[in-house]
Amino acid sequence: MVLAIVPSCLSLSQKPSHSFGLPKKIPFGEYERSIKRNCIKRPQIVPSRNYAEAAGLRVFIISDLHAEYSENMKWVKDLSNTRHKKDVLLVAGDVAETYRNFVLTMSLLTDKFEYVFYVPGNHDLWCRREAEDSLDSLDKLNKLLDACKRLGVQTSPMSIDSLGIIPLFSWYHESFDKEEDITEVFIPSLEMACKDFYTCKWPEELSNRDTSLALYFDALNEKNQDLIKEIQGECSQIITFSHFLPRQELCPEKRMLFYPNLPKIIGSDFLEVRLRSIHGTEGSASACHVFGHTHFCWDSTLDGIRYVQAPLAYPRERKRRMNGGEDWLPYCIYSDGKFADKLMPCYWSEYYSINPRTPHNTQLAPWVSRFYKRR
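Residues numbered from 1 in each chain as written. Predicted model: local features only at pLDDT ≥ 70, side-chain atom pairs only at ≥ 80, totals over all residues. Heavy atoms only, no water.

Considerations on the nonpolar core
If you look at the biggest cluster of nonpolar residues, it comprises 108 residues, and the most contacted ones within it are Leu109, Ile239 and Ile333. Ignoring any residue separated from it by four or fewer positions in sequence, one finds Leu109 in contact with Leu65, Val76, Leu79, Leu89, Val91 and Val116. (Core = buried A, V, L, I, M, F, W, Y, C linked by side-chain atoms within 4.5 Å. Buried < 20%, exposed > 50% of the residue type's maximum accessible area, 1.4 Å probe, protein only. Contact = heavy atoms within 4.5 Å.)

Below, the structure is given as structure tokens:
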């Protein structure tokens, strides 16, 4: 996810660090007092070692590899060539901006893992660096899916040892954002802030400004309905995964974000409907959905479904541990027939497990307001 207006030392959203012993309620003033002029680091996520001795199936997750960054490509290359030979990896989008880097990255991953699953992210469909002038984002999507087929990367539902794995195609739409807008300051338009509006190329009938793209991508899942029904009948545990967010509660409130209109370009209501049709409207302890895009490490359970994000993100974000660092990645979400314990410390999801959302509060957080002028 790239925003063009983020301050040079910051990205998307960031809050001052303090010890992770969260009280029952975190006073807003505590953040204000701990603001610093320089870039701020967050707690490092402690990698789980519970899976190390697992004899059965292990499933790892990662999103937002952004392999156009040399540091990120090195991270991929440095993954063990032996440790994951019997493991599954779910890649929740944003592998690379160019076709060449996408193929190289996925080739490396298929050499390291027994199974690699993938869903496309917005960066994967950027066209600004592609050699073919006529290539649009749908052409590129088909090209990436063809490459996946050649490389043995799975993009369709599949059951492995009684675990169902279901990739879900998705795209965002502006009406996904249901919370009150910030109006006290001037906020740049979506076109100014989000590079997708000029790096993705769509046919005339598809647009980021309505639900047409979100509906188009959601409809791509229809061809897999028979496979999904088989998995529902055969598997007691199911992991679905997407690049975009299925619920707005999986992102911090607008007042916490450096670009308060971020929720308009992150998720899809159709995606939540789709995954609820798979996991059930009430969810269950055997239901998990993995997502990416916002670069916030996240682990929370909402209405019976566990939602997890494990992003590699950008090098500058890892230095500040915005994503929890890198030593915990890829994250083992499933081993020996059980889902992993809750990720700790996932700052924002932990924050909202203790503090209720207050979307009616449109007063910018102090670490955000200093970058904006009031109207």
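That was the structure; now back to the text.
Quick word on the environment of Leu138
Its location among the elements puts Leu138 in helix α4 (residues 137-151). Leaving out residues up to four positions away in the same chain, Leu138 has contacts with Lys201, Trp202, Pro203, Leu206 and Tyr216. (Helix = DSSP H or I, 4+ residues; strand = E, 2+ residues; numbered from the N terminus.)

Comments concerning the state of the cysteines
Within the structure shown, the criterion is met by 0 disulfides. Looking at the unpaired Cys194, the closest cysteine sulfur is the one in Cys200, lying at 8.0 Å. Given a relative accessible area of 1%, Cys194 falls into the buried group. With no disulfide of its own, Cys297 lies 4.1 Å from the sulfur of Cys346, the closest cysteine sulfur. (Disulfide = S-S within 2.5 Å.)

Focus on the pattern of salt bridges
All chains considered together, the criterion is met by 22 salt bridges. Notably, a salt bridge pairs Glu350 with Lys342, separated by 3.5 Å at the nearest N-O pair. Salt bridges here are not isolated pairs; linked through shared partners, they connect Arg247, Glu249, Glu272, Arg276 and Asp303. (Salt bridge = Lys/Arg side-chain N within 4 Å of Asp/Glu carboxyl O.)

Structural notes on the confidence of the model for the protein
The predicted model of the protein has a mean per-residue pLDDT of 88, with 84% of residues at 70 or higher. Across residues 26-40 the pLDDT falls below 50, and counting only partners more than four positions away or on other chains, this stretch makes 32 contacts in the model. (pLDDT = per-residue confidence, 0-100.)

Remarks on the sheet that holds strand β3 (residues 115-118)
The pairing of strands in a sheet comes from backbone hydrogen bonds and takes either a parallel or an antiparallel form. Across the sheet, 5 strands lie side by side as β3-β2-β1-β10-β11; this open sheet has mixed pairing. Unpaired on one side and paired on the other, β3 and β11 (338-339) mark the two borders of the sheet. Note that strand β2 (residues 88-91) and β3 share 4 bridges and pair parallel. Bridge assignment links Leu90 to a residue of β3, and that residue is Phe117. (Pairing = 2+ DSSP bridges.)

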